[in-house]
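# Working through the structure, step by step
Spelled out from the first residue to the last, the chains are:
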Amino acid sequence: MGVLQVELVSADRLVWSGEASMIIARTSEGDVGILPGHAPMLSVMVDGVVDVTTTDGETWIAAVDAGFLSVADDRVSVLAEHAEMAHDINLEKARADLDRAHAAGENDDESQAAVAAAWADARIRAVERAN
Amino acid sequence: MALSVREYRARIKSTQSMKKITRAMELIAASRIIKAQQRAQAAAPYSRELTRAVSAVATFSNVDHALVTEPIDSDHVSVLVVTSDRGLAGAYSSSVIKEGERLIEKLKAEGKSVTIYTSGRKAAAYFKFRNRAVKQSWAGFSDQPTYDDAREIASTLIEAFTADQEADSTDEVHIVYTRFRSMLVQEPVAVRLLPLEVVEGTEAPEPGDVLPLYEFEPSAHDVLDALLPKYVTSRIFTALLQAAASELAARQKAMKSATDNAEELIKKYTRIANQARQAGITQEISEIVGGVNALADANAGSE
């Protein structure tokens, strides 16, 4: 069985790259798991958690916001405007962001607040999953 | 000799302190430019993968999208001019504004009405001083733009492009920015951003490099719908990063020549001051000698 070449890329940097045996990501249609030999695919991701199992059996968790997942020839690219590895996430800040987004959602700017809330929520879930 | 030695000394001193300032600015620009280049490099994987994905969708599906459709007649055109926030960068801002003016003139000559957007305080100030209407301007991030800045600009431009009302809508969006070629060469360029020309990627797929037959989830159209705005944002972000690197390179160059000029001035003033001092000494000596001679003559006469 082959391995997956994974690149987790955010708009301003390469967050993680390496070899993996499995990836789980959340697309707009639901969670999708990718193993080596997967058919080429291009799909839309929503805010959520990406779960990467490396070839050494380690698990990396990252939070991503809306982006793309492309699979071709065992090369997986996860593209997101923002992406953070679970161990880099500041949980307290994420919680505060979530509260602030909820508070802002009650006043006005609903779409913006929803985006901020989804991103904060994704980060909190990533940290919780990692622990 | 117009000035006294003391006045030259004062001039040397002020030139020296000016030189210290320009030297410091040169060093700051030099260290920031490395960071700016690193940022541009760090952003490259994202735009490369995005370009790949967009060309995959464009190649394997026959979908029309508002952002790629060529307008039938483009009467309203928007131009985004990217300049710096601060000056002291040589001709950086003025050359990109000049390029923008050339584009605006050209579009106007074709009978189109032009809406101006600006990024950076210099462009905003330029158009404001000339009483020219600017639809919207952004500022405060010219030397280290973030992705969120680019997204804000992109969403405004895309909104204008896709607007239904005849009054606010625009049929084409152009962006004028400075492309960073090397530390020595930065050139202002004008490119059309919308409607998109997808083929024109940074790295076109090679002829032998066949793109895989993708499955699209949920559908090709939905993927394209989500992909294209991100593609636009990414291209604006790339332009902003290039402009930031160019600005810093231009500033470093300008400050380097300012420092060199200050050095020249100090040298020149030191020479003149020395000359003045020597002239003063010579004059004093000849006065003393003259005085002694006059005394001796007077004494010789009285004896």
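Cut-offs used in this document
Residues numbered from 1 in each chain as written. Chains lettered and ligands numbered in written order. Predicted model: local features only at pLDDT ≥ 70, side-chain atom pairs only at ≥ 80, totals over all residues. Pairing = 2+ DSSP bridges. Helix = DSSP H or I, 4+ residues; strand = E, 2+ residues; numbered from the N terminus. Buried ≥ 20, exposed ≤ 12 C-beta atoms within 10 Å, placed from the backbone. Domains from an automatic or database assignment. Contact = placed C-beta atoms within 7 Å. Nonpolar A, V, L, I, M, F, W, Y, C, P; charged D, E, K, R; others polar.

### Examining the pairing of strand 5 (residues 186-194) of chain B
Residues and elements named next belong to chain B. With eight bridges joining them, strand 4 (residues 172-180) and strand 5 adopt antiparallel strand pairing. Bridge pairing in strand 5 links Y177 to V189. As consecutive antiparallel partners, strand 4 and strand 5 are separated by five residues.

### Some thoughts on the environment of S14(B)
Residues and elements named next belong to chain B. Along the chain, S14 falls in helix 1 (residues 5-60). With 12 C-beta atoms packed within 10 Å, S14 lands in the exposed category. Each C-alpha atom, one on S14 and one on I266, is 9.5 Å from the other, the two residues being 252 residues apart in sequence.

### Remarks on the domain arrangement of chain A
All names here are of chain A. Taken domain by domain, chain A consists of domain 1 (4-86) and domain 2 (90-130). Each of domain 1 and domain 2 has a C-alpha centre, and the two are 22 Å apart. Listed per partner, the contact involves eleven residues of domain 1 and ten residues of domain 2. Looking at the side of domain 1 that touches domain 2 residue by residue, the classes come out as six nonpolar, two polar and three charged.

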